[in-house]
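Reading the structure
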Amino acid sequence: MAGKIKNYFAGGNTAKGFHNLYDSNLQGLERLYILKGGPGTGKSSLMKNIGNEWLEKGYDIEFLHCSSDNNSIDGVIIRALKVGIVDGTAPHVIEPKAPGAVEQYINLGEAWDAKALAGEKTNIQRLTKQISASFNLAYSTFKQALDIHDDWEKIYIDNMDFEKADQLTNKLIQNFFGKLKLNKQSDIRHRFLGAATPKGAVDFVPNLTEDIEKRYFIKGRPGSGKSTMLKKLAAAAEARGIDTEVYHCGFDPNSLDMVIFRELGIAIFDSTAPHEYFPSRAGDEIIDMYELLITPGTDEIYEDKIKPIAESYKGKMKEAISYLARAKELHDQLEAIYVPAMDFAVVEHIRARISEEIRQVEHETIESPQ
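Owing to the predicted nature of the structure, the values given are computational and were not obtained by experimental measurement. (Residues numbered from 1 in each chain as written. Predicted model: local features only at pLDDT ≥ 70, side-chain atom pairs only at ≥ 80, totals over all residues. Heavy atoms only, no water.)

All right, on to the overall build of the chain then. Helix and strand counts for the chain stand at 11 helices and 16 strands. Principal-axis analysis of the C-alpha atoms places the extent of the chain at approximately 70 × 55 × 35 Å. For the chain, the proportion of its 370 residues judged to be buried stands at 51%. By sequence separation, contacts in the chain at least 24 residues apart represent 79% of the contacts at least 6 residues apart. Accessible area for the chain stands at about 17800 Å²; split by element, carbon and sulfur atoms hold 52% of it. With 45 positive and 55 negative side-chain charges, the chain shows a separation of 1 Å between the mean positions of the two kinds. (Helix = DSSP H or I, 4+ residues; strand = E, 2+ residues; numbered from the N terminus. Buried < 20%, exposed > 50% of the residue type's maximum accessible area, 1.4 Å probe, protein only. Contact = heavy atoms within 4.5 Å. Areas by Shrake-Rupley, 256 points an atom, 1.4 Å probe, with all protein chains shown as cover. Lys, Arg positive; Asp, Glu negative; His and termini not counted. Charge placed at Lys NZ, Arg CZ, Asp CG, Glu CD.)

Next comes the structure, spelled out in C-alpha cells:
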C-alpha cells in the first residue's frame, strides 16, 4: 500500500524578504543530500522521482514546495528513514551541522557543458540580475502591503475585549489539553501555512488536516487576535510535552495561521482569505473572533475607513504577486539556457546512486530497528 504525502512550504516570499524554516524540518535527519546546480539542472524532478519511489514502497513522504515556482519542490523527506534531499541553491542556504557525516553535497553541475554555458555568460548574468531585482520589488511591495494591513488591524485592536480574548484562549487550552502532561520533550516543527507564489496565494490546509479528527476554523478580521491565540496554544502544548506543528503566515512570518496537535487529533487555523475554508465534515467547528471579541457594529461604524484600506491592501498584494510572476518568467528564460547544456543521463546516474544509498539506509534500519 502506498504511503501518504504531506505537502507544505518551508520557505516563503514574505514582507520580510525570503524567509526560510528549513532547519526546523530537517531536525532529526541522519542523512541529508544538499543539491547544488543552476536552474533547469533537474533538482526538483530528481527529488520528486525519489519521493514517489519511496511513496510506492509504503513510506510517508514530505514534499517541501517551492514558493517561487508552483510546479517545483525544494525538498523531500522520508522521515521514517531519517533521510532528506533539499535544494541547497540560493535563496535556500542550508548550513551543514556535520558535513560528510550527515550532510552530503551533490553537484548537478557535473552534468552540464561548461563550454556551452560560457558562451551564454552575458545572458545568464543579465537574467540573474533581473530576477533578483524582481524579487526585491516583490518584497518591498509586500512590506508596503503589511504597513497598510497594520492600519487595518488597528481599527479592530482598538475595539477588542482583551479580557474576553484571554478567557477564550484559556478555555481552549483547557478543552484541548485538560490536565494532560506528557513525560517527553515536544517535537516542534515550524512551517508556512501557505505561500505567495507567481500564481497567487497557495496553501495545503486540506492535505495537512485530512487525517485530523477535530478541526477549528477561526473566523474574524485583521487584528482580532487570531495569531496571538495560536501562539499561546502552541506555547501551552510545548509546556505539556505535546508535539506541535506551527504554521506561520506566508505573508508575515511573525504571525501564525495554524497549529496542529497531531497526537491529539486537533487542528486550529485562521480560516479567512486568502486561505478561507468552511466546515465540511463532522467534528468541524467555527470560532468567530469578531462575534466573540469585537465591539458590535465595528464593521459598520468604520466602514468608510476600512473600505479604502482594504482596497489599497489588495492592490499592493496584486502588484507584489505580479513581480513574482515576472521573476518566474525570467527564471524560465534562464532555465531555457541551462537545459540544452545538460546531460540528463548524468543526472539520472546521480539519482540512481542516491536511491541505492537510501535503499542501504532502509536495509540497515530494518536490520537494526531503533
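A full pass over the atoms with the stated rule returns 26 salt bridges. Among the salt bridges present, the one from Asp211 reaches Lys4, with a minimum N-O distance of 3.3 Å. On the criterion of sequence distance, the pair formed by Asp211 in the loop between α6 (205-208) and β12 (214-219) and Lys4 in the segment before β1 (5-9) is long-range, its members being 207 residues apart. For Lys4, a relative accessible area of 45% gives the class partly exposed. A salt bridge links Asp299 to Arg221; the nearest nitrogen and oxygen atoms lie 2.6 Å apart. In this pair, Asp299 sits in helix α9 (residues 298-301) while Arg221 sits in the loop between β12 and α7 (226-239), placing the two residues 78 residues apart along the sequence. (Salt bridge = Lys/Arg side-chain N within 4 Å of Asp/Glu carboxyl O.)

This part takes up the side chain of Thr272. With respect to the helices and strands, Thr272 occurs in the loop between β15 (266-270) and β16 (284-288). Among the polar contacts listed, one links the side chain of Thr272 to the side chain of Asp270, at a separation of 2.5 Å. (Polar contact = N/O pair within 3.5 Å; in protein donor to acceptor, adjacent residues only side chain to side chain.)

Another aspect to go through is unusual backbone geometry. In this model, Ala273 is joined to Pro274 through a cis peptide bond whose omega is 10°. Assignment of secondary structure puts Pro274 in the loop between β15 and β16. Positioned with a positive phi, Lys82 is a non-glycine residue whose angle comes to about 55°. Here Lys82 falls in the partly exposed class, since its relative accessible area comes to 29%.

Attention now goes to the packing of helix α2 (residues 43-56) against helix α11 (residues 344-367). Where α2 contacts α11, the axes come no closer than 10 Å and their chain directions differ by 35°. Handedness of the crossing formed by α2 with α11: right-handed. In contact with Leu46, Asn49, Ile50, Glu53 and Trp54 of α2, α11 contributes Val347, Ile350, Arg351, Ile354, Ser355, Ile358, Arg359 and Glu362. Residues that form the contact of α2 with α11 fall into these classes: seven nonpolar, two polar and four charged. (Axes fitted to C-alpha atoms, helices over the stretch in contact; angles between N-to-C directions. Left-handed = near helix turned anticlockwise from the far one by under 90°. Nonpolar A, V, L, I, M, F, W, Y, C, P; charged D, E, K, R; others polar.)

Of all six residues making up strand β6 (residues 73-78), six are buried, and the element is well covered by its neighbours. Bridge analysis of β6 against strand β7 (residues 83-87) gives four bridges, and the strand direction is antiparallel. For Val76, the partnering residue across the bridge sits in β7 and is Ile85. Counted along the chain from β6 to the antiparallel partner β7, the turn is four residues long, and its residue Lys82 has a positive phi close to 55°. (Pairing = 2+ DSSP bridges.)

Quick look at α7 now. Between its first and last C-alpha, α7 extends 20 Å over 14 residues, near the 20 Å set by a 1.5 Å rise per residue. Residues of α7 that are buried: Lys226, Ser227, Met229, Leu230, Leu233, Ala234, Ala236 and Ala237. In this structure, the buried side of α7 is in contact with α5 (162-177), β12, β13 (244-248), β14 (256-261), β15 and α8 (289-293). Of the residues one or two after α7, Gly241 is the one with positive phi, at around 80°. (Expected span 1.5 Å × (residues − 1).)

Another point: α2. An ideal rise of 1.5 Å per residue puts 20 Å on 14 residues; α2 measures up with 20 Å between its terminal C-alpha atoms. Buried residues along α2 sit against β1, β4 (31-36), β5 (61-65), β6, β7 and α11. One or two steps after α2, the chain reaches Gly58, where phi turns positive at roughly 100°.

Inspection of the entire model under this criterion finds 13 aromatic pairs. For the pair Phe142 and Phe251, a centre-to-centre distance of 6.3 Å together with 65° between the ring planes defines the contact as edge-to-face. Taken together, the residues Phe142 in helix α4 (residues 121-157) and Phe251 in the loop between β13 and β14 connect sequence positions 109 residues apart. Residue classification places Phe251 among the buried positions, given a relative accessible area of 11%. Ring-pair connections join several aromatic residues into one group, and the members of that group are Phe142, Trp152, Phe251 and Tyr313. One residue, Lys57, lies across the ring of Trp54, its end atom 3.9 Å from the ring centre. Over the face of the ring belonging to Tyr290 we find Arg221, whose NZ or CZ atom lies 3.9 Å from the ring centre. (Phe/Tyr/Trp six-rings, centres within 6.5 Å; stacked < 30°, edge-to-face > 60°. Lys NZ or Arg CZ within 6 Å of the ring centre and 35° of its normal.)

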